[in-house]
Amino acid sequence: MAHRQPELDLSPEVSDEVRQTTCYMCACRCGINVHMKGGRVAYIEGNRDHPVNRGVLCAKGSAGIMQHNAPARLRAPLKRVGPRGSGQFEEITWDEALDIAAGWLAPLRKTAPEKLAFFTGRDQSQSFTSH
Ligand code: SF4
């Protein structure tokens, strides 16, 4: 008696949409094709037509998918509610977070702005600091 194998889909569709953009995992800015499935990032590949990387994608670029899909991804501002170092936080709204930050910084701005120093890395933080 012949043994029947269940039919396997050996080449499932990776995505239902591909968006072309630029990798921001480091300063090289390689071109990437981001495969979306059901509105979520499903797979990232290098863009062969991009002059910087010509289709090559490094491991860090591939890991960019976790910036979107990681369970630990921050989705809202967190406010510490326990003692420092206790790891106790609660989610707050952006309006609350901005009010808190403005409450800390406004008196400094009025009295001694030279006491404020601000340091950023070279990547995503530039969206806060560039003109
Ligand atoms: S693919 Fe790698 S080298 Fe290219 S921008 Fe992303 S992290 Fe940098």
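Residues numbered from 1 in each chain as written. Predicted model: local features only at pLDDT ≥ 70, side-chain atom pairs only at ≥ 80, totals over all residues. Heavy atoms only, no water.

J.: Sorry, what's going on with the nonpolar core here?
T.: Proteins that are soluble and globular tend to have nonpolar side chains buried together. Counting nine residues, the largest nonpolar core is built from Cys23, Met25, Ile32, Val34, Met36, Val41, Ile44, Leu57 and Ile65. Taken together, the elements giving at least two residues each to this core come down to β2 (31-37) and β3 (40-46). Looking at which element gives the most residues to this core, the answer is β2, with three residues. With residues up to four places along the chain from it excluded, the contact list for Ile44 reads Ile32, Asn33, Val34, Leu57, Gly61, Ser62, Gly64 and Ile65. (Core = buried A, V, L, I, M, F, W, Y, C linked by side-chain atoms within 4.5 Å. Buried < 20%, exposed > 50% of the residue type's maximum accessible area, 1.4 Å probe, protein only. Helix = DSSP H or I, 4+ residues; strand = E, 2+ residues; numbered from the N terminus. Contact = heavy atoms within 4.5 Å.)

J.: I'm lost on a nonpolar patch on the surface in this one. Help?
T.: Taken together, Leu74, Leu78 and Phe89 make up a surface patch of nonpolar side chains, about 320 Å² in accessible area. As for its position among the elements, Leu78 is in strand β4 (residues 78-80). Judged by its relative accessible area of 42%, Leu78 falls in the partly exposed class. (Patch = residues over 30% accessible without salt bridge, like charges linked within 9 Å, V, L, I, M, F, W, Y side chains within 5 Å. Areas by Shrake-Rupley, 256 points an atom, 1.4 Å probe, with all protein chains shown as cover. Salt bridge = Lys/Arg side-chain N within 4 Å of Asp/Glu carboxyl O.)

J.: Can you walk me through the sheet that holds β2 in this structure?
T.: Sheets are built from strands that pair by backbone hydrogen bonding, the pairs being arranged parallel or antiparallel. Ordered in space as β1-β2-β3, the three strands form an open sheet in which the pairing is antiparallel. Unpaired on one side and paired on the other, β1 (17-22) and β3 mark the two borders of the sheet. Ignoring strand direction, the axes of neighbouring strands in this sheet form an average angle of 30°. (Pairing = 2+ DSSP bridges. Axes fitted to C-alpha atoms, helices over the stretch in contact; angles between N-to-C directions.)

J.: How should I be thinking about the pattern of salt bridges in this particular structure?
T.: Note on pairing: side chains with opposite charge can pair once their charged atoms come close. Summed over all chains, the structure comprises one salt bridge. One salt bridge connects Arg19 with Glu17, and the closest N-O pair in it is separated by 2.9 Å. Taking relative accessible area as the criterion, Arg19 reaches 43% and is therefore assigned partly exposed.

J.: Which parts of the structure should I look at to understand the site of the ligand?
T.: By nearness alone, every residue bordering the ligand is listed as Cys23, Met25, Cys26, Cys28, Arg29, Cys30, Leu57, Cys58, Lys60 and Gly61. For the shell around the ligand, the per-class residue count stands at seven nonpolar, one polar and two charged. (Near = heavy atom within 4 Å. Nonpolar A, V, L, I, M, F, W, Y, C, P; charged D, E, K, R; others polar.)

J.: Hey, could you run me through the packing of aromatic side chains in this one?
T.: Two aromatic rings are characterised by how far apart their centres lie and by the angle between their planes. For the structure shown, the criterion picks out zero aromatic pairs. Arg29 extends its terminal NZ or CZ atom over the ring of Tyr24, reaching a point 3.9 Å from the ring centre. (Phe/Tyr/Trp six-rings, centres within 6.5 Å; stacked < 30°, edge-to-face > 60°. Lys NZ or Arg CZ within 6 Å of the ring centre and 35° of its normal.)

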